[in-house]
Amino acid sequence: MEMNVSNNEEHVVAKKQGGLNPALIIPILIVIGIAIYLFVLGNPGNFKADPRLDGLSSVAFSGLETKELHPGDGFMGVIYMGGPIVPILISFMIIVIVFSIERALVLRKASGQGNVDNFVLNVRRLLNQNKIDEAIEECDRQEGSVGNVVKEGLTTYKALSHDTTLNKEQKMVALNKSIEEATTLEMPMLEKNMMILSTLGTVATLVALLGTVIGMIKAFSALGSGGGTPDSAALSIGISEALVNTALGIGTSAVAIILYNYFTSKIDGLTFKIDEIAMSIQQSFAEFH
């Protein structure tokens, strides 16, 4: 049993080292998002001079004179004119993409080699034949989270089968506890950073709503300025800013929610497979011991 405890400690160290560190990665991605907003979307090539704007919109860059500009034929200039909330929303989208890729890679690794369903069937078949050593070898070949948990359970199974100090009921309790502990150690790796996707799925919409409100305030301010004649240029800029923020927020939120639900279903599937084999291990132990 000491060997199992040692293995558990090694699993804990591995889990702490796995995955991206949000505290380090998120600030870097925010800086990247701001840089994209300033130097890609705000590139002077995305704008053209329009004297009719009367100074209502401008793009300023270090080393270049500030010029009265308005978006060209592409969408980059239009997105840039979305205002100060846009770089935040761009950062949110980048964060969603990066951590979604990270989760996809982690879950792919957790699924192990080959088909998980076939692995479950092979282990259950070997358990029915009481071939524990062969089942452990199958776990080594699987190299996934399911295989790690099952191997821990089978290792305990093998140790308890030679233990003469415990009665059958105590052995069943020890076996069940071993499987539960192994599952508990694997789950944090699978669920790590999922909260980021869940949070951004909600927060992106709220931040976009703030940008939308700011744009609409500018639009209505343009309606009330200039006496009885609304400033059509300022009005259009305010409405455009509101719609750009709305589009970015809804898009980011939709992507985050869809990917969060997809990864959650994958995690639930792996958990179900673990529970399925765990029950088979307990039934096999009860039958042969």
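Calculation criteria
Residues numbered from 1 in each chain as written. Predicted model: local features only at pLDDT ≥ 70, side-chain atom pairs only at ≥ 80, totals over all residues. Heavy atoms only, no water. Phe/Tyr/Trp six-rings, centres within 6.5 Å; stacked < 30°, edge-to-face > 60°. Helix = DSSP H or I, 4+ residues; strand = E, 2+ residues; numbered from the N terminus. Buried < 20%, exposed > 50% of the residue type's maximum accessible area, 1.4 Å probe, protein only. Contact = heavy atoms within 4.5 Å. Core = buried A, V, L, I, M, F, W, Y, C linked by side-chain atoms within 4.5 Å.

Enquirer: I would appreciate a short explanation of the packing of aromatic side chains in the present structure.
Expert: For any pair of aromatic rings, geometry is given as the distance between the ring centres together with the angle between the planes. Under the criterion given, the structure shown has 4 aromatic pairs. Arranged with centres 5.1 Å apart and planes meeting at 85°, the rings of Y157 and F285 form a pair that is edge-to-face. Of the two residues, Y157 sits in helix α7 (residues 145–161) while F285 sits in helix α10 (residues 232–288), which places them 128 residues apart along the sequence. Taking relative accessible area as the criterion, Y157 reaches 1% and is therefore assigned buried. Residue class for F285 comes out buried when judged on its relative accessible area of 0%. Grouped by ring-pair contacts, the aromatic residues Y37, F47 and Y80 constitute a single cluster.

Enquirer: Explain the environment of V116 to me, please; I cannot follow it from the model alone.
Expert: Its place among the elements puts V116 in helix α5 (residues 116–128). Taking the C-alpha atoms as reference, V116 lies 9.8 Å from G269; in sequence the two are 153 residues apart. Here V116 is in contact with S111, Q142, V146, L270 and K273, once residues within four sequence places are set aside.

Enquirer: Please explain the nonpolar core as it appears in this structure.
Expert: When a protein is soluble and globular, its nonpolar side chains tend to lie buried together. Counting 56 residues, the largest nonpolar core has F119, V146, V150, L154, I277 and I281 as its most contacted members. Going through the elements one at a time, α2 (22–41), α4 (86–111), α5, α6 (132–142), α7, α8 (168–191), α9 (194–224) and α10 are the ones with two or more residues in this core. Excluding its chain neighbours within four sequence positions, the residues that come into contact with L154 are L127, I132, A135, I136, C139 and I281.

Enquirer: In this structure, what is going on with unusual backbone geometry? I would like to understand it.
Expert: Although it is not a glycine, N130 adopts a positive phi angle of roughly 60°. Position of N130 relative to the elements: it lies in the loop between α5 and α6. Residue classification places N130 among the partly exposed positions, given a relative accessible area of 32%. In this structure, N193 is a non-glycine residue whose phi angle is positive, near 70°. Here N193 lies in the loop between α8 and α9.

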